[in-house]
Amino acid sequence: MTDVTDGVLHTLFRSDQGGHEQVVLCQDRATGLKAVIAIHSTALGPALGGTRFYPYASEEAAVADALNLARGMSYKNAMAGLDHGGGKAVIIGDPERIKTEELLLAYGRFVASLGGRYVTACDVGTYVADMDVVARACPWTTGRSPENGGAGDSSVLTAYGVFQGMRASAQHLWGDPTLRGRKVGVAGVGKVGHYLVGHLLEDGAEVVITDVRPDAVRRVTDEHPEVTVAADTATLIRTEGLDIYAPCALGGALSDESVPVLTAKVVCGAANNQLAHPGVEKDLADRGILYAPDYVVNAGGVIQVADELHGFDFDRCKAKASKIFDTTLAIFARAKEDGIPPAAAADRIAEQRMAEARPPALPGEASRL
């Protein structure tokens, strides 16, 4: 057994970041499918989380990402008040090169084989049209098109929820929930980021954007010529006078390298797993930077796809996503009361809900563990 494999097993069975109920490795040679499905918890109900399609550097990196994302979904779903546990799937490979209908159907068959323990949806590299294909092989698929009984693009409410988290952050820090006159930097203006820019401008914010894809930047600047473009994320986070930094691309944006040079007073964005490692949340607090936990503020999308399972109603979902404002404020209050960073406060609240949902131990069971 290699050291890397041992590292994965250590994460699963022995580390604080583990505790996953099930991890499934999927392979279909005919279509080239290689995928990982990770179920972190079903304490609150069937695991719910998207499918990421990404060209990972290695299979081990894909497994590690699936584990981290699945764990994050448990906390996200708990904080969103959903009756769902956390799960996530990753498909290994460049979607621009290997994504085919046959591959997606093969993936759907693997999800279906779990019998409803995991409900999938869109994520980075997958879209509504992809979920329509997956749904042909798997009834436990959300994020489908309205024409196929789904809710459509979940990015709309994801962005709306992040905006509510920003409003709560402004209320907590500056005593007013408006972003008017605030300078907000958005890193990543793809699925979610470009909707977020619209909310911010409508509220009167000054917006600076960046993205590794020139076409994504052009789409925003064509629609909103008043935005400013930063050369890259490193430039964006050093922007003078920045009030809020919104990481909306991939995870790990808050690291030992980025936190010391952040000029923003608030971090609130749509990306999952923004903290590069445990301890970064304390570094942010030590610098006086208010961090709105990612899995709390970006829960609008999962609220939307969860509702699809019960007959989608957009107004009902938007009302639920609006509560992200109150949830975020409650986390800040808990953090202050307990003397801990907001990320730790959110974890405590989520863990309490999951623990309370678990069935009581049988007589004598505790003594056997």
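Below, the structure is looked at part by part. (Residues numbered from 1 in each chain as written. Predicted model: local features only at pLDDT ≥ 70, side-chain atom pairs only at ≥ 80, totals over all residues. Heavy atoms only, no water.)

**Considerations on the overall build of the chain**
When you go through the chain residue by residue, the secondary structure sums to 16 helices and 12 strands. Seen along its three principal axes, the alpha-carbon backbone of the chain occupies a region of about 55 × 50 × 45 Å. The buried share of the chain, reckoned over its 369 residues, is 52%. Approximately 16200 Å² of the chain is accessible, and the part contributed by carbon and sulfur atoms is 51%. Across the chain, the 35 positively charged side chains and the 47 negatively charged ones have centroids separated by 2 Å. (Helix = DSSP H or I, 4+ residues; strand = E, 2+ residues; numbered from the N terminus. Buried < 20%, exposed > 50% of the residue type's maximum accessible area, 1.4 Å probe, protein only. Areas by Shrake-Rupley, 256 points an atom, 1.4 Å probe, with all protein chains shown as cover. Lys, Arg positive; Asp, Glu negative; His and termini not counted. Charge placed at Lys NZ, Arg CZ, Asp CG, Glu CD.)

**Focus: helix α12 (residues 300-308)**
Burial of α12 is extensive: 9 of the 9 residues sit out of reach of the surface. Taken together, the buried positions of α12 are occupied by G300, G301, V302, I303, Q304, V305, A306, D307 and E308. Each element contacted by the buried residues of α12 is listed here: β3 (47-48), α2 (59-79), α6 (155-174), α13 (314-322) and α14 (324-338). (Contact = heavy atoms within 4.5 Å.)

**Points about the pairing of strand β5 (residues 85-92)**
Burial runs high along β5: 8 of the 8 residues are buried. With 6 bridges joining them, strand β2 (residues 33-41) and β5 adopt antiparallel strand pairing. Bridge pairing in β5 links A35 to I91. Here strand β4 (residues 51-54) pairs with β5 via 4 bridges, running parallel. Looking across to β5, one finds that T51 is bridged to A89. In this view, the connection linking β4 to its parallel neighbour β5 by way of α2 has right-handed handedness. (Pairing = 2+ DSSP bridges. Right-handed = clockwise from strand over helix to strand, strands pointing away.)

**Here's the deal with the pattern of salt bridges**
Within this structure, the stated rule accounts for 18 salt bridges. Between K88 and D123 there is a salt bridge, with its nearest N and O atoms 3.0 Å apart. Linking K88 in strand β5 with D123 in the loop between β6 (118-119) and α5 (128-135), this pair joins segments that are 35 residues apart in sequence. One network of salt bridges, with partners in common, ties together R52, D65, K88 and D123. (Salt bridge = Lys/Arg side-chain N within 4 Å of Asp/Glu carboxyl O.)

**Concerning the nonpolar core**
The biggest cluster of nonpolar side chains holds 40 residues, and the ones touching the most others in it are M166, V186, L196, V197, L200, V207 and I209. Sorting the residues of this core by element identifies α6, β7 (183-187), α7 (193-202), β8 (206-210), α8 (214-223), β10 (244-247), α12 and α14 as the ones contributing at least two each. The next biggest cluster of nonpolar side chains, apart from the first, holds 23 residues, and it includes A35, I39, I91 and L104. (Core = buried A, V, L, I, M, F, W, Y, C linked by side-chain atoms within 4.5 Å.)

**Things to note about helix α4 (residues 101-112)**
Compared with an ideal rise of 1.5 Å per residue, which puts 12 residues at 16 Å, α4 spans 16 Å between its outermost C-alpha atoms and is within 8% of the ideal. All buried positions along α4 are accounted for by L103, L104, L105, A106, Y107, G108 and V111. (Expected span 1.5 Å × (residues − 1).)

**Concerning the packing of aromatic side chains**
Within this structure, the stated rule accounts for 3 aromatic pairs. Aromatic side chains Y54 and Y56 sit 5.1 Å apart centroid to centroid with 75 degrees between the ring planes, which places their arrangement in the edge-to-face category. Y54 sits in the partly exposed class, given a relative accessible area of 30%. Residue Y56 is classed as buried on the basis of its relative accessible area of 12%. Positioned over the ring face of W174 is R182, at 3.9 Å from the centre of the ring. Stacked on the ring of Y127, the Lys or Arg K191 has its end atom at 4.3 Å from the ring centre. (Phe/Tyr/Trp six-rings, centres within 6.5 Å; stacked < 30°, edge-to-face > 60°. Lys NZ or Arg CZ within 6 Å of the ring centre and 35° of its normal.)

**Considerations on the packing of α4 against α5**
For the pair α4 and α5, the least separation of the axes is 8 Å and the interaxial angle reads 60 degrees. By the angle between their directions, the pair α4 and α5 is classed as oblique. Once α4 is placed against α5, the crossing between them reads as right-handed. When α4 is examined against α5, the residues E101, L104, L105, Y107 and G108 are found in contact with a partner set consisting of D130, V133 and V134. (Axes fitted to C-alpha atoms, helices over the stretch in contact; angles between N-to-C directions. Parallel < 35°, antiparallel > 145°, perpendicular 65-115°, else oblique. Left-handed = near helix turned anticlockwise from the far one by under 90°.)

**Some thoughts on the sheet that holds β7**
With parallel pairing, 6 strands are arranged side by side in an open sheet as β9-β8-β7-β10-β11-β12. Looking at the sheet topology across the chains shown, the edges are occupied by β9 (228-229) and β12 (290-291). Bridging between strand β11 (residues 266-267) and β12 involves 2 bridges; their strand directions are parallel. Bridging from a neighbouring strand, V266 pairs with L290 of β12.

**A word on the pairing of β2**
Counting buried residues along β2, 8 of its 9 residues qualify, which places the element largely inside the surrounding structure. Relative to β2, strand β1 (residues 22-28) runs antiparallel, the two sharing 7 bridges. Residue pairing in the sheet places C26 in a bridge with A35 of β2. Joining the antiparallel neighbours β1 and β2 is a turn of 4 residues, in which G32 adopts a positive phi near 85 degrees.

**Some thoughts on the environment of S155**
Along the polypeptide, S155 turns up in helix α6. Counting along the chain gives 33 residues from S155 to C122, while the straight-line C-alpha distance between them is 9.5 Å. With residues near it in sequence (within four places) discarded, S155 still touches K191, V192 and Y195.

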